[in-house]
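Residue-level structure breakdown
Chain by chain, the residues:
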Amino acid sequence: MSTSPLFHRDPLDPLDVVVIGAGQAGLALGHHLARRGSSFAILEAGPEVGHSWRARWDSLRLFSPAQYDSLPGLAFPAPPDTHPGKDDVADYLAAYAAHFALPVMVDTPVLRVHREGDGGFVVTTPKGTLRAAQVVVATGPFQLPRVPEVATRLDAQVTQLHSADYRNPGQLPAGGHVLVVGAANSGLQIAAELASSRTVTVAVGSQPTELPQRVAHRDLFFWLSKAGFFTLPAHSRVARRLRSRGDIVIGTRSSALRRRGIGFRPRLTGLAGRTARFADGSALDVDAVLWATGYRTDYSWLHVPGVVVDGEVRHQRGVTEVPGLYFIGLPWQTCRGSALLGFVGKDAAELDEVMAARATGTATNPTATAVPSNRATVAR
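All values reported here derive from a predicted model rather than from experimental measurement. (Residues numbered from 1 in each chain as written. Predicted model: local features only at pLDDT ≥ 70, side-chain atom pairs only at ≥ 80, totals over all residues. Heavy atoms only, no water.)

1. Notes on the overall build of the protein
The helix and strand inventory of the protein stands at 8 helices and 24 strands. What you see for the protein is a C-alpha radius of gyration of 22 Å, in line with the 21 Å of a compact globule of 380 residues. Projecting the C-alpha coordinates of the protein onto the three principal axes gives extents of approximately 65 × 50 × 35 Å. Counting only residues that meet the buried cut, the protein has 51% of its 380 residues in that class. Taking contacts inside the protein between residues at least 6 apart in sequence as the whole, the part at least 24 apart equals 66%. (Helix = DSSP H or I, 4+ residues; strand = E, 2+ residues; numbered from the N terminus. Rg over C-alpha atoms; globule rule 2.2 N^0.38 Å. Buried < 20%, exposed > 50% of the residue type's maximum accessible area, 1.4 Å probe, protein only. Contact = heavy atoms within 4.5 Å.)

2. A look at the environment of Leu 130
One can find Leu 130 in strand S6 (residues 128–137). According to the relative accessible area criterion, Leu 130 is buried, its value standing at 2%. In sequence terms Leu 130 and Thr 362 are 232 residues apart; their C-alpha atoms lie 26 Å from each other.

3. Quick word on the packing of aromatic side chains
One pass over the structure, following the stated rule, counts 13 aromatic pairs. Aromatic side chains Phe 76 and Tyr 92 sit 4.7 Å apart centroid to centroid with 40° between the ring planes, which places their arrangement in the tilted category. One end of the pair, Phe 76, is in the loop between helix H2 (51–54) and helix H3 (86–99); the other, Tyr 92, is in helix H3, with 16 residues separating them in the sequence. Geometrically, the ring pair formed by Phe 222 and Trp 223 is edge-to-face, given 4.9 Å between the ring centres and 80° between the ring planes. A network of ring pairs unites the aromatic residues Phe 63, Tyr 68, Phe 221, Phe 229, Phe 230 and Phe 343 as a single cluster. A cation sits over an aromatic face here: Arg 56 above Phe 142, 5.3 Å from the ring centre. (Phe/Tyr/Trp six-rings, centres within 6.5 Å; stacked < 30°, edge-to-face > 60°. Lys NZ or Arg CZ within 6 Å of the ring centre and 35° of its normal.)

4. A few points about the sheet that holds strand S9 (residues 177–181)
The strand order across the open sheet built from 5 strands is S8-S19-S9-S10-S15, with neighbouring strands paired in parallel fashion. Each edge of the open sheet carries a strand with a single partner, namely strand S8 (159–162) and strand S15 (263–265). The average undirected angle you get between the axes of adjacent strands in this sheet is 20°. Pairing geometry for S9 and strand S10 (residues 199–203), over 5 bridges, is parallel. Its bridge partner lying in S10, Val 178 is registered against Val 200. (Pairing = 2+ DSSP bridges. Axes fitted to C-alpha atoms, helices over the stretch in contact; angles between N-to-C directions.)

5. What about helix H8 (residues 344–360)?
With 17 residues, H8 ought to run about 24 Å at 1.5 Å a step, and its terminal C-alpha atoms sit 25 Å apart, in line with that. Taken together, the buried positions of H8 are Val 344, Gly 345, Asp 347, Ala 348, Leu 351, Asp 352, Met 355, Ala 356 and Ala 357. Each element contacted by the buried residues of H8 is listed here: strand S1 (15–20), helix H1 (24–35), S6 and strand S23 (325–327). Looking one or two residues past H8, Gly 361 carries a phi angle of roughly 75°, positive in sign. (Expected span 1.5 Å × (residues − 1).)

6. Remarks on the confidence of the model for the protein
The pLDDT averaged across the protein works out to 91; a share of 92% of its residues lies at or above 70. Low confidence marks residues 366–380, where pLDDT is under 50. Its contacts with residues over four positions away, or in another chain, come to 49 contacts. (pLDDT = per-residue confidence, 0-100.)

7. A word on the environment of Pro 266
Here Pro 266 lies in the loop between S15 and strand S16 (268–272). Given the relative accessible area of 27%, Pro 266 is considered partly exposed. Taking the C-alpha atoms as reference points, Pro 266 and Val 202, separated by 64 residues in sequence, lie 8.4 Å from one another. Ignoring sequence-local partners within four residues, the contact set of Pro 266 consists of Ala 203, Val 204, Phe 278, Ala 279 and Asp 280.

8. Describing the pattern of salt bridges
Scanning all chains against the criterion turns up 10 salt bridges. With a closest N to O distance of 2.9 Å, Arg 153 and Glu 149 form a salt bridge. Residues participating in the shared-partner salt-bridge network are Glu 48, Arg 54, Lys 86, Asp 87 and Asp 91. (Salt bridge = Lys/Arg side-chain N within 4 Å of Asp/Glu carboxyl O.)

9. Side note on the sheet that holds S16
In spatial order, the strands read S16-S17-S18; together these 3 strands make up an open sheet with antiparallel pairing. The open sheet has two edge strands with one neighbour each: S16 and strand S18 (283–285). Strand-to-strand, the axes of this sheet are offset by a mean angle of 20°, without reference to chain direction.

10. Here's the deal with helix H4 (residues 185–194)
Burial analysis of H4 places 9 of its 10 residues in the buried class, the great majority of the element. Buried within H4 we find Asn 185, Ser 186, Gly 187, Leu 188, Gln 189, Ile 190, Ala 191, Ala 192 and Leu 194.

Below you can see the structure in the form of structure tokens.
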């Protein structure tokens, strides 16, 4: 992996590309950039490739089986129809970067990106500055944990954790009553784990669609892939309908959790001291709150006007209106699979072709108008 010498590169000889983020999206694109001989660097804020996966809760397993988890050029090293854990994914991403000798620079958070007068980009990090003709933002959908303001009204003795900081039940009071706020994949999976040793209640803001992991003796991903679910165009009528319904929960059924004694309440409406109040007027005293309330994006370091408007990236299939600035790994960037481990490779190949054409001036429509992307939700 490359280190500081890149920061001493002649300013008159910028890199072709700087990729910000060494998750699955950034690495998949890096594979294509390497194949066509681009000079590039992939900047990773964490201490190692795969850090964002390794930092998630201990028992996390993918709901996609191994045969659907590969990045381009290297199969995921696990038997078909097994579901890798989060450390398996982190190990795979690190192995992927090493296998293709991708120029990843770890411990290199980006502090600022701006354009120069010649149309190139300056990328500022604590280690120094890089210049590049093109920049790709690959920071993913899980950036800053979202915790509602009402959390400040809890008694200081009530333990609070966001799912981003949760690792295992030992972080929460033994034998206490835990309120899990959020009923998407992360909320229900963590609730199921906590129920073995604690009393658990789940507050459901909106009821997501729940699907079983296996249907007719096949993994659900087999049927969804066969039906073209993951390649549905983002702006198709069916896709818009799916996006309006929000998260899809796979493999964890609320009905099964109820049978295990987990309670369910409607939307959380208030907190005071140790007491939580819900939309139906009921109340509950709790010892801990687990916030499975998702994430928000943070592009405060991106000093390029007009690209992020009201928190939303303006793009068309990852291409912004600013020449040379791209995104990859956004939810629904081109289709349902855009932000998923085993499906982002398709977007990476497409974006690489666009970038190559624009770099050489052979793009057929280099002034395509970007459109605002609709807010999309990825199952967590």
